[in-house]
Amino acid sequence: MSHASRQTLALLLGNALLVFLAAQADHALAGWQLRLWLGGLLLAPAALLASHRAGAVAVFVTGLALDARAPVPFGTHALVLLAAHAALFAVRDRLARDTPALRVAAALMANLVALAAFGLIMAAAGPARPGAGRLLPELLISQAAVALCATWCFALQERLCALFGARPGLELP
Amino acid sequence: MSRSAIRAPQGVETRANGNHRLWAFYPLLAALLLTLAGGFAWQQLLRADLHGARERAQGQRRVLVPGPRGRILDRAGRVLAGNRPRFAVTLALDTLGPEFRAEFAAVKKNYHTPRESPPPTSAQLEQIARTAVVRRYLDQLETILGRATEFDAAGLQRHFSQQLLLPYLLMEDLTPAEYARLVEQLPANSPLQVFSAGVRDYPYGRLAAHALGSVGTDDSEADDDLPGDDLTTYRLRGTKGRDGLEKFFDDRLQGEAGFSIFRVSPAGYRLNPPLESRPPARGGDLMTSLDADLQLAAETALRINPDLAGAAVALDVRTGEVLVLASEPGYDLRDFSPRLSNATRDDIEARKAWANRAISASGTYSPGSTFKLLTAIAALRHGALDPDEPLGDPCDGSVLIGGKLFKCYNGKGHHGAVHLDEAIAKSCDVYFYQAGVKTTADNIAAEARRFHLDRPAGIELPGETHRMLIPDPAWKKRTQHEDWFQGDTANMAIGQGYVLETPLNMACFIASLARDEVWTQPTLLHRADAPAQHTERTGLTPAQRDALLAGMVGCTTVGTAAGTLNNPSLTNYIPGLSIAGKTGTAQIPGNKNAAWFVCFAPAENPQIAIAVMIEGDTAGEEVGGGRYAAPVAQAILKEWVKNQPKLNTPAPVSPSTLSLPALPSLTR
Amino acid sequence: MPVPSPSSRQSRPFITLGVVLVAWLLVPAVVKRFLRAALFEAQAPAAVTASRVRDLQEYWALRTRPANELIAAGKDTARALAGYELGVERLGLLEAENARLHALLSLPPPPGFRQEHARVVERDFSAWWQQLVIRKGADYGITVGAPVVFAGGVVGRVREVRATTSVVALLSDPSVSLAVVVVGPGDTRPDPRPVKYSGGDNPAFGPARGTLEFAPADITVTPGALPRLLTSGLGGVFPAGLPVGEVTRMEPSPDGLFQTGEVRLNPALATLEEVTVLVPEAPTALPAAP
C-alpha cells in the first residue's frame, strides 16, 4: 500500500471517529437547539500534515459522509470542505506547521471559512433563513469546541498516521 | 559602443547611450497610452452613470403588486365592501429555466431521428418543451387535488413572452380543503406556490350596490413613485373603482402597491432573492353615512312591487348625512368578482338595473304634488295666500285658468273651500293652481332656486344628473321659443309640466324644510362629530310654518297618505311617531305615473328626512304616491325608530302631545 | 524526483478543486444516490449502537432507583392504565357507531393508520434543518411521507427510509408545512378555516418555533390565553385533531387580508426518546416527503 493510501486511511479513520463523536454531542446539544460545526477539525490535520492527494481524498470522502446524513444536495459538505482544504494547503508552507498554537489557529480559521461558505450556500438554496439568535451562539460554541479539541485531534491524526506506517508531513506528489 | 553596452553591467549607460532609433517610438507610445488612458477615463469616469443605468436596465426587472382596496363601512362600522382572500396556485415560470433547458435537450434528442421532415424549428421545440414542463406541474397539481383543469397552451406562450416574471396562474378559486391539501403536500421548494389575492367581498350581498359601485381591473400603466421606475416593470393587475363610491373615492380606497426588484439572468429568468422589496399595503377605509339596517329596509320595501323601479333617499336632517340611498332594480356586486359574466351583464341590462335612480337621469321625473310644498312657501312668502283664509274659488273639481279647464286630480269628490293645511293634506290641485297663478311663475322659480332645486345636490357619487329643471318664462322663451302661459304656471305649481327633480334633490329639499332652512348639502361620509348644517332660513313666519306642517302631518294622518303611512292597521305601525309628509303622483312620458312621497319625522323635532320615488310601468295605471311610495318610507322609519330609544316607548296618541296646532280646518 | 516549483505547488490544490467540482457535476444522479445510501448505511450501525448503549445506560440508571420508588411508579402506571382501558372500551363503541354511520351514509371510511413505535437514534437540530433518525426503516414497512407523532402531538414527517432506520423531518424543519386549524383559548371546537403552518427559525436555547401564514385576520392572541393549533385533517397527510403548538403572536400583514403568526412548539420535541410512525394502511402512496 502506498504512503498516500495509508495516509488517507489514517485520516479517514480519525475523521470517522470525530464525526461519530460530534453526532453524539449534537444529540445531547439538541435540547438547547444547538449543533456543532467541526469542519475545521476534519480538514486542518489533512491540510497541514498529509500530502495533498491523501488529504484531499480523505476530506472529500468525509464530506460525502456528512452529506449522506443531511438534507442537502449530495456533495455540498464535500465540496465546501475540499475548497477550505485547498486554501489551507496552499498556504501551509508559509506557516510554522509544527507549533500547536498555529495548528489551533489554522483549524479555527478553516472552520470559520467553511462554516461561512456552507451558510451562504444554504441561505441561497433553501427555505430556511436562521437568524443571528441561532447562528451566533452556534458559531461561538463550534469555535470553542474546535479550539479545545484541535490539539488532541492533530495528535490523534499523527498517531494514526504513525500506526499505519505513513510518516506524517511527508511530501508525496 | 553597443558592444561595451552588452558587456558592461551598467544598464543605465546602455539605455542612455544606445538605441537612438527607439526615441522616435516614445512619443508614439506615450500618445497611444494617453489615448487608452483617456478612453478609460472617458468611459469609466465620465460615462459611468450611463453604463450603470444600462446595466441596471438590462439586468434588473421590477414587479409591482397592487395593494388591496380599503374597506367601505357603514356609519356603525359594519363592512359593506371588504376584501376576501382568494386562493390560487401559480407556477413561477421564471425559476424553471434549467428545467426548460433540460426538457428542450430531451425533446431535441427525440426529434433527431430524421423521420420528421421538415424538422421543427428551435422556437417550436422550445414551445414544446415549455408546454411539457408546465403540463407536468399541472399533472402534479391534479393528482394532489383530484380534479382536472383546462390547460391553455396559447395563454402560456403569451404569458411566457410578455410577463415571464409574473407567476403563471394554473388554478384559481381553491376551496379551503384544496388549499389545505396543497399546503401539506406541495414540497417547500416547489415552483408551484399557493398564492392569495384579495377580491372585493360584500357581506351584505346586494345591499347598496348602486351607492358602493363596482370595481374592475385596472389596466392603466399608471405612474408610480416607487423606486426603480426606470426599470422594465411587470405589474399584477390592480383594481379600479368603476362607479359609485368606489370610483369617487378611488384614490383613498386604492391600496399602496408593493414592489420587488429582481436581478435577472440574460435569458430573463429571475435570480433570487430580490434586491429590494416592499409588501403591498391596504388602502384607507371609507366610513360612509349609510345605515345598513335602514338601507336594507328600504331596498326590501322597494322590492315589494318587483316590477316597479324606484329609489329612496333618507337624510339625517341635522347633518345632511345620507342614511339610505337605494335604487331598484339593483344587482349583486358579488357577481362582479372576480369578473362579471356576460349572462349577468345582459340580465342587468334587460332589467334596466344599471341606473342609480336616486341621482341619475333615469330617476329624474316631475315631482308632482310634492312640489306643492314649494309652491306654498313661495305663495306664503309673497303674500299670495293667507293660511287662515281659503284661497280664491272653492274646489269643485276643476278651475278655469288662462281659458283652459284644469282638473283637480286628487280626491274623487270636491274639496270645497279649503285652507292651506287641508289643501296640503288632501293635495287639492285647484287650490294650488290658483296659488301658483297668484304667486307668478317667476316667483315660484326663484323660490325653487333658493332651495337649490335647479342644480345637482353635489353628492360624492359619479353620475349625478344635471337634468333637474326649474322652468320660468325666460327659460321657455330661450329653449322652446314660446311664450309662457298661465297654464304653465298652474302646471308648475303642482309639480307637473317642465319641472324635473331627482329623489336626492327632493330629499335635500324636505330635509331643509324640516330645519326651516333652504339648503341641505348631502354627504355620504360619516363623521361622529359632524356639525349641524345651517343655511339661510326659509323666511316663513311661525304661523305660516305651523300651517304648512299641520298640512304635512295631516297628509299622513287624514290626508292622501293616511291609509298607507303609519296607520294603526298596518303591521309596521309606529306608535307615537308623528310624520310630516307629502305625496305626489306625477305624469311621466308614456301615460305613466311616478309616485312620490317626501316626509320628515318626528314632525315636532325632525331628525330624518325621506324621499321615495316609484316609477309606474303600465300606461294608464294610476301609481299613486300614497299607495306605492309611502309604504317604503314607513319601512325605513320603522327600522329607524328601533335605534331611537326616546321614541321606542309608545306614547299615547293624542293631538295634545303634538306641539303642532291641531288641524283647525280639518276638524271643522 | 523533480521538485515542483512553488507557484505550481500553490495552484495545484485549486486546479484539483476545479477538476473535482466539474467531475462532480457530471457524475450521474444514480451514482450519487447509491453513494449517499451507502455512506448513510455505513454510518448507521455506529449510531444505532450508540443509541442502544444509551438505552442500556438508562436501563442501569433505572436499576439504581430504590425499589419503593419503582413500585410507586408501577402503581401510578397501573391506575393510569385502568383509566385508559375504560377509555379504550368507550372508544371501541364509538368506533363501531362511527363505522355504522359511515356505512349508513355510504361514506368512504377515513384513512386508517398502522402504528409503529420507534426509538430515536439521533437528533440532528441544525440551523438549516431539524431531523431525527429513528430505529425502524424499510424493515418495518415505514413509508416516505408518513406522519410521525408522540404523546404530545405531531413530531413531523418521514423524510427518508433506509434499511433499518428512517429520517424524520421535525415540525420545526423549514421544509415541513401543515394545514392546521386554530382553537381559541375558550373554545372546544376549532375554527374550520385551514391555516398554513411551516417550520421556522429556531433560536438557540429556546423551544423550536414555527410560523403561521395566511391566518384569517379575525384571530386574536391575548397573552395568558394562547390559541392552540391542531392538525386540520384536510391536508390528506395527518389525521385531524393532533396538537401542533401554540400561537404566541399574530401580526396583520400589510395588505390587511391575513395575519402571520409565530408558533411555539412543544419543548419536548427536542428531547424525544421514542416516537410513533403512522403508516397509512391504504395502499395509496403518500405524497412526496418534504
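Residues numbered from 1 in each chain as written. Chains lettered and ligands numbered in written order. Predicted model: local features only at pLDDT ≥ 70, side-chain atom pairs only at ≥ 80, totals over all residues.

(A) Examining the overall build of chain B more closely. Check the secondary structure of chain B and you find 24 helices and 18 strands. Sequence separation of at least 24 residues holds for 76% of the intrachain contacts in chain B that already meet a minimum separation of 6. (Helix = DSSP H or I, 4+ residues; strand = E, 2+ residues; numbered from the N terminus. Contact = placed C-beta atoms within 7 Å.)

(B) Looking closely at the overall build of chain A. Assigned secondary structure in chain A consists of six helices and zero strands. Its helices and strands in sequence order give chain A the pattern α-α-α-α-α-α, from N to C terminus. The C-alpha radius of gyration computed for chain A amounts to 16 Å, which stays within 12% of the reference 16 Å derived for 173 residues, consistent with globular compactness. Its C-alpha atoms put chain A at 45 × 30 × 30 Å along the principal axes. The buried share of chain A, reckoned over its 173 residues, is 49%. Counted over contacts in chain A with a minimum sequence separation of 6, partners at least 24 positions apart contribute 78%. (Rg over C-alpha atoms; globule rule 2.2 N^0.38 Å. Buried ≥ 20, exposed ≤ 12 C-beta atoms within 10 Å, placed from the backbone.)

(C) Spotlight on unusual backbone geometry. Residue and element names in this part refer to chain B. A cis geometry characterises the amide bond from E328 onward to P329, with omega recorded as 0°. If you trace the backbone, P329 turns up in the loop between β13 (322-328) and α13 (342-350). Of note in this structure, A208 is not a glycine but carries a positive phi near 55°. By the element assignment, A208 lies in the loop between β5 (192-201) and α9 (209-212).

(D) Region of interest: the interface of chain C and chain A. The interface is formed by 39 residues belonging to chain C together with 41 residues belonging to chain A. Put simply, the parts of the chain that give the side of chain C that touches chain A at least two residues each are α1 (6-26), α2 (29-63) and β1 (113-125) of chain C. Class assignment for the residues of the side of chain C that touches chain A results in 22 nonpolar, nine polar and eight charged. (Nonpolar A, V, L, I, M, F, W, Y, C, P; charged D, E, K, R; others polar.)

(E) Expanded view of the pairing of strand β14 (residues 398-401) of chain B. Residue and element names in this part refer to chain B. By the alternation rule, side chains of β14 split into V399 and I401, which are all buried, and S398 and L400, of which none is buried. Note that β14 and strand β15 (residues 404-407) share four bridges and pair antiparallel. Residue I401 lies in a different strand from β15, and its bridge partner there is K404. Between β14 and β15, which pair antiparallel in sequence order, lie two residues; one of them, G402, sits at a positive phi of approximately 55°. (Pairing = 2+ DSSP bridges.)

(F) Local environment of the confidence of the model for chain B. Residues and elements named next belong to chain B. When the pLDDT values of chain B are averaged, the result is 83; 90% of them are 70 or greater. Low pLDDT, under 50, characterises residues 1-16; the predicted model gives this stretch nine contacts beyond four residues in sequence or across chains. A low-confidence stretch, residues 649-668 (pLDDT under 50), is modelled with 32 contacts involving residues beyond four sequence positions or located in other chains. Interface confidence in the predicted complex, given as ipTM, is 0.90; pTM for the same model is 0.70. (pLDDT = per-residue confidence, 0-100.)

(G) Just the domain arrangement of chain B, in detail. Residue and element names in this part refer to chain B. Considered domain by domain, chain B is made up of domain 1 (62-287) and domain 2 (292-330 + 355-649). A separation of 52 Å is found between the C-alpha centroids of domain 1 and domain 2. With 17 residues of domain 1 in contact, the opposing surface of domain 2 contributes 15 residues. For the side of domain 1 that touches domain 2, the secondary-structure elements that each account for two or more residues are α9 and α10 (244-248). Among the elements that take part in the side of domain 1 that touches domain 2, α10 stands out by supplying four residues, more than any other. In the side of domain 1 that touches domain 2, the residues fall into nine nonpolar, two polar and six charged. (Domains from an automatic or database assignment.)

(H) Main features of the sheet that holds strand β12 (residues 274-280) of chain C. Residues and elements named next belong to chain C. Strand order in the closed barrel made by the six strands is β1-β2-β5-β4-β3-β12, with antiparallel pairing throughout. Between one strand axis and the next, the sheet turns by 45° as a mean value, whatever way the strands run. The sheet contacts of α2 involve β1 and β2 (130-134), and relative to β1 the element is tilted by about 100°. (Axes fitted to C-alpha atoms, helices over the stretch in contact; angles between N-to-C directions.)

(I) Highlighting the sheet that holds strand β12 (residues 310-316) of chain B. Residues and elements named next belong to chain B. Ordered in space as β13-β12-β18-β17-β16, the five strands form an open sheet in which the pairing is antiparallel. Either end of the sheet is taken by a strand with one partner, and the two such strands are β13 and β16 (580-588). Put simply, the sheet's adjacent strands are angled 10° from each other on average, direction ignored. Taken together, the nine bridges between β16 and strand β17 (residues 592-601) define a ladder with antiparallel strand orientation. Within β17, the residue paired with G581 across the bridge is C599. Across the sheet, helix α22 (residues 625-642) touches β12, β13, β16, β17 and β18 (608-615), and the angle it forms with β17 is around 30°.

(J) Just the packing of helix α14 (residues 372-381) of chain B against helix α17 (residues 441-450) of chain B, in detail. Residues and elements named next belong to chain B. Running from amino to carboxyl end, α14 crosses α17 at an angle of 115°, the nearest separation of the two axes being 9 Å. Compared by their axis directions, α14 and α17 come out roughly perpendicular. Once α14 is placed against α17, the crossing between them reads as right-handed. Along its contact with α14, which presents L374, T375, I377, A378 and R381, the element α17 presents N443, I444, E447 and A448. Here the contact of α14 with α17 is composed, by residue class, of five nonpolar, two polar and two charged. (Parallel < 35°, antiparallel > 145°, perpendicular 65-115°, else oblique. Left-handed = near helix turned anticlockwise from the far one by under 90°.)

(K) Fine view of the environment of B:F262. All names here are of chain B. Tracing the backbone through its elements, the reader meets F262 in strand β9 (residues 258-264). Among the residues examined, F262 registers 22 C-beta atoms within 10 Å and is labelled buried. For F262 and S277, which are 15 residues apart along the polypeptide, the C-alpha to C-alpha distance reads 8.8 Å.

(L) The packing of helix α3 (residues 52-69) of chain A against α2(C), seen in detail. Here α3(A) crosses α2(C) at 90°, and the two axes come no closer than 8 Å. As far as their axial angle goes, α2(C) and α3(A) are roughly perpendicular. Note on element contacts: α2(C) touches α3(A) through C:L35, C:R36, C:L39, C:F40 and C:Q43, opposite A:L64, A:A65, A:D67, A:A68 and A:R69. Tallied by class, the residues present in the contact of α3(A) with α2(C) amount to six nonpolar, one polar and three charged.

(M) Up close: the nonpolar core. Judged by nonpolar contacts, the single largest core of 133 residues is most densely connected at B:A312, B:V313, B:A314, B:A507, B:I510, B:I610 and B:I636. Examining the composition of this core, we find that 10 residues originate from one element, α22(B), more than from any other. Both domain 1 (62-287) and domain 2 (292-330 + 355-649) of chain B contribute no fewer than three residues apiece to this core. Discounting chain neighbours no more than four positions away, the residues touching B:A314 are B:L294, B:L323, B:V324, B:A507, B:I608, B:A609, B:I610 and B:I636. Judged by nonpolar contacts, the second largest core, of 128 residues, contains A:A58, A:F154, C:I142 and C:V275. (Core = buried A, V, L, I, M, F, W, Y, C linked by C-beta atoms within 7 Å.)

(N) A look at the pairing of β2(C). All names here are of chain C. With five of five residues buried, β2 lies mostly within the body of the structure. Side chains Q130, L132 and I134 project from β2 onto one buried face, and the interleaved Q131 and V133 project onto a second face that is buried too. Bridging between β1 and β2 involves five bridges; their strand directions are antiparallel. Along β2, the bridge assignment pairs F125 with Q130. Hairpin remark: β1 followed by β2, antiparallel, with four residues in the connecting loop. Of the pairings in the sheet, the one linking β2 to strand β5 (residues 166-170) comprises four bridges and is antiparallel in character. By the bridge assignment for β5, I134 is matched with S166.

(O) Quick peek at α2(C). An ideal rise of 1.5 Å per residue puts 51 Å on 35 residues; α2(C) measures up with 50 Å between its terminal C-alpha atoms. Maximum bend of α2(C): about 30°, positioned at C:A44, with proline C:P45 one to four residues after it. Turning to α2(C), its buried residues are C:F40, C:Q43, C:A44, C:A47 and C:S51. The elements touched by buried residues of α2(C) are α1 (3-29) and α3 of chain A together with β1 and β2 of chain C. (Expected span 1.5 Å × (residues − 1). Bend = angle between axes of the 7 residues up to and from the residue.)

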